[in-house]
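# Residue-level structure breakdown
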Amino acid sequence: MPKINSPAGLEELRNRILSIRDQSRPCIAICGGTSCHNLDNQSVISAFKEAIKKKPVEGKVDIRETGCAGFCEKGPIVVIYPEGICYTAVKPEDVPEIVSQTVIGKKVIKRLVYTDPNTGEKAVHENEIPFYKNQMRLLTCNNANIDPRNIEDYLAIGGYSAVVKVLQTMSPDQVITEIKESGLRGRSGGGFPAGRKWEAGQKAEGDTKYIICNCHEGDPGACVDRKMMEGNPHSVIEGMIIGAYAMASHAGYIFVGDEFPLTVENTEIAIRQAEEYGLLGENILGSGLDFTLKIKIDGGGYVCGESTALMASLEGRVGEPITKYDHATERGLWAKPTVLNNLQTWVNVPLIINQGANKYSTIGTERSKGTRVFSLVGQVNNSGLVEVPMGITLREIIFDIGGGIREGKKFKAVQVGGPLGGFVPEGQLNLTVDFDELSKAGLSMGPSLIVVDESTCIVDMVKYFLTFLSDESCGKCTPCRDGIRQMLKILTNISEGKGNEGDIELLEGISEVQNKAALCALGQGASGPVLSSIKHFRDEYEAHIKDKRCPALVCDMLSSVIL
Amino acid sequence: MGRIKMSVVTLIIDNKEVEAEEGTTVLEAARSAGIDIPTICHHEKLKPYTACRLCMVEIEAKGRINLDTACSRPVADNLVVRTRSETVDRIRKMLLELMLAHAPDAVELQDLAQEYGADKARFEKEPSFCILCGLCVRYCAEVKKKNAVGFVDTGVSREINFIPEIASKECSNCKECFPLCPTEALQATYLLTHALAFPTTPF
């Protein structure tokens, strides 16, 4: 593939790709996301390849391994085009029937289509399934339409047109104005206005500036960034090229943990392809813009998602947070101006440029614009990757999209924001997805929504989060390291029936010091699950401590006492 | 290299006007004015580490009050610093109690415990004496440039350890880190590592 040397050349190539592609050609699309990988989609793919051999359709049907389709609960997901018939939880043994009945016979196999566990209704097409129907999929909708390892698939759906638009018609200032006017806020949780950060990056002095995409996601239960990256890597690259143009940066990094092998692989392939096509490297599309993008694979470690630890790790130092008084936009990576954005922030950029800030900013609430992608997990019927407009309530996400609680059990709480987040009980489910509303409720816009039902013991769950943090903290500062150590001990005692009067107050006391005195956001937030669980489920703590009883019958020693 | 002339800033520490050179820290300014702020992980030859958090003070700047570590916070004109307050004292008390769980008999900690009313038995005694102030590790790296002792592992499993290959060559003639240890456990750590790594070589 010769390098494309002009925006017009890219449009020519796109038209060429589209003219060769026959939209009515049958295609078997199998979800290639991490969750479906774990559900052995590879055997399903092999079975399809085998099943079409020597059949009349051989050579006339495409088999495509796509990006994450999002409905992880029911994977592997298989969609048969052009009809768009969607089959869930497909096993290799289902494949010969799918080929003969659906691909050749054009008939729907009822037992493989989605059945609503609450109503028993069947849904043949993706857009009829409540899980998809109630979402607003602007950023994730393309995953299932492309092979993330094929740049031409991305070009065929209009990919890189935002880069073309920017290079042909916009000045760097105009790009920044557009991002500012869109109201896009950083998706890492804090919600800092992205346009303002970009403006600071643009105005920072110096020839060397870096831009970074934070795709280091370590929360238990969260797999948003990795799936968006692995499912549609070119959309991230496109956002970063636009950022590089706006801020005059010539070097960027995508920071990924090495525990995401598929993400790393797909990102590496995408970068290589973008380089081959002249979309990365020197003189991008003949515009004079030089921008090199590299993937940085981190050894893993939750704390490396913290910006100073992330940059330390990128520089080759130990990934530990440091106390800093300069903004990264002035002195960041290798003391050069640096703009660090979360992956979800970057993928919004092409959308904003293509749609225009005016249209984009109609989505969401007054101060939180666009959509947000969550990992909806736990004891809900439909778990997976969900994309929702800002302003939606947690209740709508859990009950309309998630289909409510499994096995008709009772909802207990949703844990928002992972190990540094907090619990939201039934009474507060009308809380909306909005940076400021969540912040007022003491929560952050973390990537995961973990739904728990009445069979979960809150004390046990908080113990789980603290166990996670006891490993994932770097261990540098006293309040975080020793605070977590002591809180975990207290919780372990409580769960074993050895809790004492005053334990709740002691947990609160440690939490206060941790929150006020810890070095970084990890330590400051480590008490989130502890404090919110005490606030909303104090009676459960008291049952453990005073009555030596675990109401959910989860904590071993206690439940054995009553049994 | 000639010393660049620094401009002088004025800040208020505990209602006292203090002048300090730009580029220095609140801790240095306070100590120059005879105001004590407790520290454990601070050492004047080493870069601020901000890990023990004992030097946290209340700082009022541009109308906002924040807690920050005095050892790292650069001085600035019009900063108002309060080295003691109810919150600050409550933080220090808890931090000391967390550290005393490791080293209940460390003199430095006991003196501070008295000042802040910290109870050395608030938490059960921890097996390790080390409070991970990192003075030994950082002194060896920053001043001696040897890296003979380092941190291993993360979170609650974090500990210090001598690296036998380097320690066997460097440490016998140095041992400058021993007196830096606030819990006096460093020597024991070293001896133990030495004994385990080189069982046939007497120290």
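Residues numbered from 1 in each chain as written. Chains lettered and ligands numbered in written order. Predicted model: local features only at pLDDT ≥ 70, side-chain atom pairs only at ≥ 80, totals over all residues.

## Section: the nonpolar core
Residues and elements named next belong to chain A. Within the largest apolar cluster, 233 residues are counted, with the highest numbers of intra-cluster contacts made by Val78, Ile241 and Ile242. At nine residues, the largest contribution of residues to this core is made by helix α11 (residues 233–247). Those residues in contact with valine 78 that sit more than four places away from it in its chain are Ile28, Ala29, Ile30, Val44, Tyr87, Val90 and Ile98. (Core = buried A, V, L, I, M, F, W, Y, C linked by C-beta atoms within 7 Å. Buried ≥ 20, exposed ≤ 12 C-beta atoms within 10 Å, placed from the backbone. Helix = DSSP H or I, 4+ residues; strand = E, 2+ residues; numbered from the N terminus. Contact = placed C-beta atoms within 7 Å.)

## Looking at the environment of leucine 132 of chain B
Position of leucine 132 of chain B relative to the elements: it lies in the loop between α3 (107–116) and α4 (135–143). Taking the number of C-beta atoms within 10 Å as the measure of exposure, leucine 132 of chain B has 22 and is therefore buried. Those residues in contact with leucine 132 of chain B that sit more than four places away from it in its chain are Gly475 and Arg481 of chain A together with Ala51 and Arg158 of chain B.

## A closer look at unusual backbone geometry
Put simply, glycine 75 of chain A and proline 76 of chain A share a cis peptide bond, and its omega is -15°. Among the secondary structure elements, proline 76 of chain A is positioned in the loop between β2 (62–66) and β3 (78–81). Following tyrosine 81 of chain A, the chain continues into proline 82 of chain A via a peptide bond in cis, with omega recorded as 10°. One can find proline 82 of chain A in the loop between β3 and β4 (85–87). Of note, the phi angle at leucine 285 of chain A is positive, near 50°, even though the residue is not glycine. Within the secondary structure, leucine 285 of chain A is located in the loop between α12 (261–276) and β9 (292–298). A positive phi angle, near 45°, is found at aspartate 14 of chain B, a position not held by glycine. For aspartate 14 of chain B, the location among the structural elements is in the loop between β1 (8–13) and β2 (16–21).

## Quick look at the packing of helix α7 (residues 161–169) of chain A against helix α14 (residues 343–355) of chain A
All names here are of chain A. Orientation of α7 relative to α14, taken along the N-to-C sense of each, is 60°, at an axis distance of 9 Å. Classified by the interaxial angle, the pair formed by α7 and α14 is oblique. Handedness of the α7/α14 crossing: left-handed. Residues Ser161, Ala162, Lys165 and Val166 of α7 lie in contact with α14, whose contacting residues are Pro350, Ile353 and Asn354. Within the contact of α7 with α14, the residues separate by chemical class into four nonpolar, two polar and one charged. (Axes fitted to C-alpha atoms, helices over the stretch in contact; angles between N-to-C directions. Parallel < 35°, antiparallel > 145°, perpendicular 65-115°, else oblique. Left-handed = near helix turned anticlockwise from the far one by under 90°. Nonpolar A, V, L, I, M, F, W, Y, C, P; charged D, E, K, R; others polar.)

## Brief notes about the sheet that holds β1 of chain B
Strand pairing in a sheet relies on backbone hydrogen bonds, with the paired strands running either antiparallel or parallel. All names here are of chain B. Taken together, five strands build an open sheet; the order of strands is β2-β1-β5-β3-β4 and the sheet is mixed. Strand pairing shows two members of the sheet lacking a second neighbour, β2 and β4 (64–69), which therefore form its edges. Each neighbouring strand pair of the sheet contributes to a mean axis angle of 35°, computed without reference to strand direction. Bridge count between strand β3 (residues 56–61) and β4: six bridges; the pairing is antiparallel. Bridging from a neighbouring strand, isoleucine 59 pairs with asparagine 66 of β4. (Pairing = 2+ DSSP bridges.)

## Some points on the pairing of strand β6 (residues 149–152) of chain B
Pairing of β6 of chain B with strand β7 (residues 159–162) of chain B, which is carried by four bridges, proceeds in the antiparallel orientation. Considered in β7 of chain B, the bridge of valine 152 of chain B is made with glutamate 159 of chain B.

## Details of the pairing of β7 of chain B
Burial of the side chains of β7 of chain B is restricted to one face: Ile160 and Phe162 of chain B are buried, whereas none of Glu159 and Asn161 of chain B on the reverse face is. With antiparallel pairing between neighbouring strands as the criterion, β6 of chain B and β7 of chain B make up a hairpin whose turn holds six residues, including aspartate 153 of chain B at a positive phi of roughly 65°.

## Thoughts on the environment of glutamine 486 of chain A
Following the sequence through the fold, glutamine 486 of chain A ends up in helix α19 (residues 478–495). The exposure class assigned to glutamine 486 of chain A is buried, which follows from the 23 C-beta atoms found within 10 Å. Taking the C-alpha atoms as reference points, glutamine 486 of chain A and glutamate 11 of chain A, 475 residues apart in sequence, are found 61 Å from one another. When neighbours within four sequence positions are excluded, glutamine 486 of chain A is seen to be in contact with Ile510 of chain A together with Leu98 and Phe123 of chain B.

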